[in-house]
Amino acid sequence: MMRVLVTGAGRGIGAALLQCGAARGWQMIGVLRDAQPVAFADTVVLHRCDVTDHAGLADLAKDIGPLDCVINNAGIMGPDRQSPLDMDFDGFARVLSVNTLAPLAVSQVFLPALRLGRRPRIISISSQMSFMGYRKSDRIAYRASKAALNKVMQGLATDLEPEGIAVALVDPGWVRTDMGGADAQNDPTDVAQGVLDIAAHLTMAQTGRFLRWTGEERAF
Ligand SMILES: NC(=O)c1ccc[n+]([C@@H]2O[C@H](COP(=O)([O-])OP(=O)(O)OC[C@H]3O[C@@H](n4cnc5c(N)ncnc54)[C@H](OP(=O)(O)O)[C@@H]3O)[C@@H](O)[C@H]2O)c1
């Protein structure tokens, strides 16, 4: 049985991760910011914390117990005005704080708990919008935040390799959630199952890699 912590667990991909993990018989711990819009199984434990509240995260980590996996899922699209020629800089800072800094802070704060786990691993939900291989400029703050997330997690993978803690990034594709909208291709439950399969089978040979939700490696 895996013991897995998921951030941004109240809706979208995060809620699907909690539901699907609980259905597998895993012990799921959800970190939510506010209200609890979804009814979860009794076995799911919920904690209230904003991922940008580093002191709150440290409090939460004190009594969390051993963890096998941390899934950094919480994320935001960022401000309305985010083109290279017209940037809401406060909004840009905010999206960096949620999408880039928070996953690293969450990973750091739960490392002692992961070190008590059996085959510890850290998974962060990135995006195809981080891809460096094209020059799209719309939603550039979001793109930059996910590209920076990839770089930070690649470095974390390097530093945790000697301890046998695997770190991977997952591209969930375009998913039908509040963020992805109704026209998106992927069902959040399918994506959640794919991410949980990755969580279950991730090896040290894959550490530092960027994977599609279906498990194949993809380009950064
Ligand atoms: N949907 C897509 O097509 C798509 C594509 C690529 C990548 N992604 C990534 O997948 C992840 C999940 O996205 P989603 O589609 O499920 O989005 P969503 O439906 O908009 O849900 C986002 C989740 O993140 C939480 N969150 C946001 N800011 C937070 C904060 N400061 N502290 C704690 N929780 C916070 C939200 O909590 P509240 O309910 O409290 O706001 C919510 O649970 C994100 O990292 C996103 O960038 C999504």
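Residues numbered from 1 in each chain as written. Predicted model: local features only at pLDDT ≥ 70, side-chain atom pairs only at ≥ 80, totals over all residues. Heavy atoms only, no water.

Description of the overall build of the chain
Along the backbone of the chain there are six helices and nine strands. Per-residue burial for the chain yields a buried fraction of 50% across its 220 residues. Across the chain, the fraction of contacts at a sequence separation of at least 24, relative to all contacts at a separation of at least 6, is 67%. Accessible area for the chain stands at about 10,200 Å²; split by element, carbon and sulfur atoms hold 53% of it. Of the side chains in the chain, 22 bear a positive and 23 a negative charge, and the two mean positions are spaced by 4 Å. (Helix = DSSP H or I, 4+ residues; strand = E, 2+ residues; numbered from the N terminus. Buried < 20%, exposed > 50% of the residue type's maximum accessible area, 1.4 Å probe, protein only. Contact = heavy atoms within 4.5 Å. Areas by Shrake-Rupley, 256 points an atom, 1.4 Å probe, with all protein chains shown as cover. Lys, Arg positive; Asp, Glu negative; His and termini not counted. Charge placed at Lys NZ, Arg CZ, Asp CG, Glu CD.)

Structural notes on the packing of aromatic side chains
Counted by the stated rule, this structure contains two aromatic pairs. Ring centres 5.2 Å apart and planes at 85° place the aromatic pair Phe-131 and Tyr-134 in the edge-to-face group. Positioned over the ring face of Trp-26 is Arg-24, at 5.1 Å from the centre of the ring. Positioned over the ring face of Tyr-134 is Lys-136, at 4.6 Å from the centre of the ring. (Phe/Tyr/Trp six-rings, centres within 6.5 Å; stacked < 30°, edge-to-face > 60°. Lys NZ or Arg CZ within 6 Å of the ring centre and 35° of its normal.)

Concerning the site of the ligand
What surrounds the ligand is a group of 28 residues, the closest being Arg-11, Arg-33, Tyr-142, Val-175 and Thr-177. Measuring from a nitrogen atom of the ligand, one finds a backbone N or O atom of Gly-180 at 3.5 Å. Contact with the protein chains removes 93% of the 890 Å² of surface that the ligand exposes when unbound. Applying the majority rule of atoms within 2 Å of the grid points places the ligand in the largest pocket. Elements with a contribution of two residues or more to the shell around the ligand: α1 (12–23), α3 (89–109) and α5 (140–160). Residues of the shell around the ligand, tallied by class, amount to 12 nonpolar, 10 polar and six charged. (Near = heavy atom within 4 Å. Polar contact = N/O pair within 3.5 Å; in protein donor to acceptor, adjacent residues only side chain to side chain. 1 Å grid on protein atoms, 1.4 Å probe; cavity = no way out; pocket = protein on both sides within 12 Å on 5 of 7 lines; lining within 4 Å. Sits in = over half its atoms within 2 Å of the grid points. Nonpolar A, V, L, I, M, F, W, Y, C, P; charged D, E, K, R; others polar.)

Things to note about the layout of surface pockets
Here the largest pocket defines a volume of roughly 980 Å³. Contributing to the lining of the largest pocket are 43 residues, with Asn-73, Gly-75, Ile-76, Thr-177 and Met-179 lying nearest its centre. Elements with a minimum of two residues in the lining of the largest pocket: α1, β2 (27–32), α3 and α5. (Points joined across faces, edges and corners; volume = space filled by probe spheres on them.)

Topic: the sheet that holds strand β1 (residues 3–7)
Sheet strands pair via backbone hydrogen bonds, and the direction of the pair is either parallel or antiparallel. Spatially, β3-β2-β1-β4-β7-β8-β9 is the arrangement adopted by the seven strands of the open sheet, whose pairing is parallel. For this open sheet the edge positions go to β3 (45–48) and β9 (210–212), each flanked by a neighbour on one side alone. The sheet shows a mean angle of 20° between the axes of neighbouring strands, taken without regard to direction. Of the strand pairs in this sheet, β2 and β3 are connected by four bridges, and their pairing is parallel. Within the sheet, the bridge partner assigned to Gly-30 lies in β3 and is Leu-46. (Pairing = 2+ DSSP bridges. Axes fitted to C-alpha atoms, helices over the stretch in contact; angles between N-to-C directions.)

Quick notes on the packing of α3 against α5
Each pair of packed helices gets described by two things: the angle between the helix axes and the distance between those axes. It is at 9 Å that the axes of α3 and α5 come closest, and there the two elements cross at 20°. By the angle between their directions, the pair α3 and α5 is classed as roughly parallel. Of the two elements, α3 crosses α5, and the hand of that crossing is right-handed. Of α5, the residues touching α3 (which contributes Phe-92, Val-95, Leu-96, Asn-99, Thr-100, Pro-103, Leu-104 and Ser-107) are Ala-141, Tyr-142, Ala-144, Ser-145, Lys-146, Ala-148, Leu-149, Val-152, Met-153 and Leu-156. Of the residues belonging to the contact of α3 with α5, the class tally is 13 nonpolar, four polar and one charged. (Parallel < 35°, antiparallel > 145°, perpendicular 65-115°, else oblique. Left-handed = near helix turned anticlockwise from the far one by under 90°.)

Topic: the side chain of Asp-68
Secondary-structure assignment places Asp-68 in the loop between α2 (54–62) and β4 (69–72). Polar contacts involving the side chain of Asp-68 include one to the main-chain amide nitrogen of Arg-3, which spans 2.8 Å.

Some words on α5
The end-to-end C-alpha separation of α5 is 30 Å, in line with the 30 Å expected for 21 residues at 1.5 Å each. Considered for burial, the residues of α5 that qualify are Ala-141, Tyr-142, Arg-143, Ser-145, Lys-146, Leu-149, Asn-150, Met-153, Leu-156, Ala-157 and Leu-160. (Expected span 1.5 Å × (residues − 1).)

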